[in-house]
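# What the coordinates show
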Amino acid sequence: MAINLQEIQELLSTIGQTNVTEFELKTDDFELRVSKGTVVAAPQTMVMPEAIAQPATSTPVVSQPTATPEAPQAETPALSASIDDKWVAITSPMVGTFYRAPAPGEDPFVAVGDRVGNGQTVCIIEAMKLMNEIEAEVSGEVVKIAVEDGEPIEFGQTLMWVNPT
């Protein structure tokens, strides 16, 4: 999995807006560990210059790499014919495990056909044994849930589609 500086900044921004206090991401050639207020990037094949501070007291700090290892770009899956152009994707802000309900055996937060409001919890992503509530960023009707309960997910992966109204 290749990750670029923009993806790291988006990840840090998302973490800064949540109650997540620790986060860790590892690949074969990259390791990122976030502890609220600090990020330590330690890639095996990169030289890291001075840190660039983010403008918020609780927002993490990121070091910008001078060179990125050659890696193929992650393929963006094409939208299937069943996805309408006006639908809005709710995407994962982190790597983890997707859960539709607050606990095993409980009703899911949302189902296809349910109406959601901006800021409403729609699922949970477990990352490093922390349960992170994911909120809708748009009001509308849930028209498609793209992942199965308990499925591992990646940063930026579409979780569900909402038809805004």
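In what follows, the accompanying structure is described. (Residues numbered from 1 in each chain as written. Predicted model: local features only at pLDDT ≥ 70, side-chain atom pairs only at ≥ 80, totals over all residues. Heavy atoms only, no water.)

Looking only at helices and strands, the chain features 1 helix and 13 strands. Sequence-ordered secondary structure for the chain, helices as α and strands as β, is α-β-β-β-β-β-β-β-β-β-β-β-β-β. Across the 165 residues of the chain, 32% fall into the buried class. Partitioning the contacts of the chain with sequence separation of at least 6, the portion at a separation of at least 24 is 52%. Within the structure as shown, the chain displays about 9,900 Å² of accessible surface, and the carbon and sulfur contribution to it stands at 48%. (Helix = DSSP H or I, 4+ residues; strand = E, 2+ residues; numbered from the N terminus. Buried < 20%, exposed > 50% of the residue type's maximum accessible area, 1.4 Å probe, protein only. Contact = heavy atoms within 4.5 Å. Areas by Shrake-Rupley, 256 points an atom, 1.4 Å probe, with all protein chains shown as cover.)

The next point concerns the sheet that holds strand β6 (residues 88-91). The pairing of strands in a sheet comes from backbone hydrogen bonds and takes either a parallel or an antiparallel form. Spatially, β6-β13-β11-β8 is the arrangement adopted by the 4 strands of the open sheet, whose pairing is antiparallel. The two strands at the open ends of the sheet, each matched to only one other strand, are β6 and β8 (115-116). With 5 bridges connecting them, strand β11 (residues 140-145) and strand β13 (residues 158-164) associate as antiparallel partners. The residue of β13 that forms the bridge with Lys144 is Trp161. (Pairing = 2+ DSSP bridges.)

This brings us to the nonpolar core. One broad trend across soluble globular proteins is that nonpolar side chains are buried collectively. The biggest cluster of nonpolar side chains holds 30 residues, and the ones touching the most others in it are Phe23, Phe98, Val122, Leu159 and Met160. Listed by contribution, the elements that provide at least two residues to this core are α1 (5-16), β1 (22-26), β2 (31-35), β9 (121-127), β11 and β13. Those residues in contact with Leu159 that lie beyond four places of it in its chain are Ile90, Thr91, Ser92, Phe98, Cys123, Ile125, Ile134, Ile145, Ala146, Val147 and Ile153. (Core = buried A, V, L, I, M, F, W, Y, C linked by side-chain atoms within 4.5 Å.)

All right, on to the environment of Ala101 then. Looking at the secondary structure, you find Ala101 in the loop between β7 (96-99) and β8. Along the backbone, Ala101 and Val122 are 21 residues apart, and their C-alpha atoms lie at a distance of 8.6 Å. Not counting the four nearest positions on each side in its chain, Ala101 is found in contact with Glu106, Asp107, Pro108, Phe109, Ile124 and Asp149.

Turning our eyes to something else, we now look at the sheet that holds strand β12 (residues 152-153). Read across the sheet, 4 strands follow the order β10-β9-β7-β12 without closing on themselves; strand pairing throughout is antiparallel. Strands at the two margins of the open sheet, each flanked by one partner only, are β10 (130-135) and β12. In this structure, β7 lies alongside β12, joined through 2 bridges in antiparallel fashion. In the strand pairing of β12, Thr97 is matched with Pro152.

This part is about unusual backbone geometry. The backbone of Met128 sits at a positive phi, close to 55°, despite the residue not being glycine. Phi at Lys129 is positive, roughly 65°, even though this residue is not glycine. Within the secondary structure, Lys129 sits in the loop between β9 and β10. Residue classification places Lys129 among the exposed positions, given a relative accessible area of 78%.

This part takes up the pairing of β13. Of all the 7 residues making up β13, 5 are buried; the element is thus mostly covered by neighbouring parts of the structure. Here β6 pairs with β13 via 4 bridges, running antiparallel. Across the sheet, the residue bridging to Thr91 is Thr158, located in β13.

Turning to the pairing of β7, a few remarks are in order. In the sheet, β7 pairs with β9 via 3 bridges, with the strands oriented antiparallel. In the strand pairing of β9, Tyr99 is matched with Ile124.

None of the figures reported here should be taken as evidence of function without further support.
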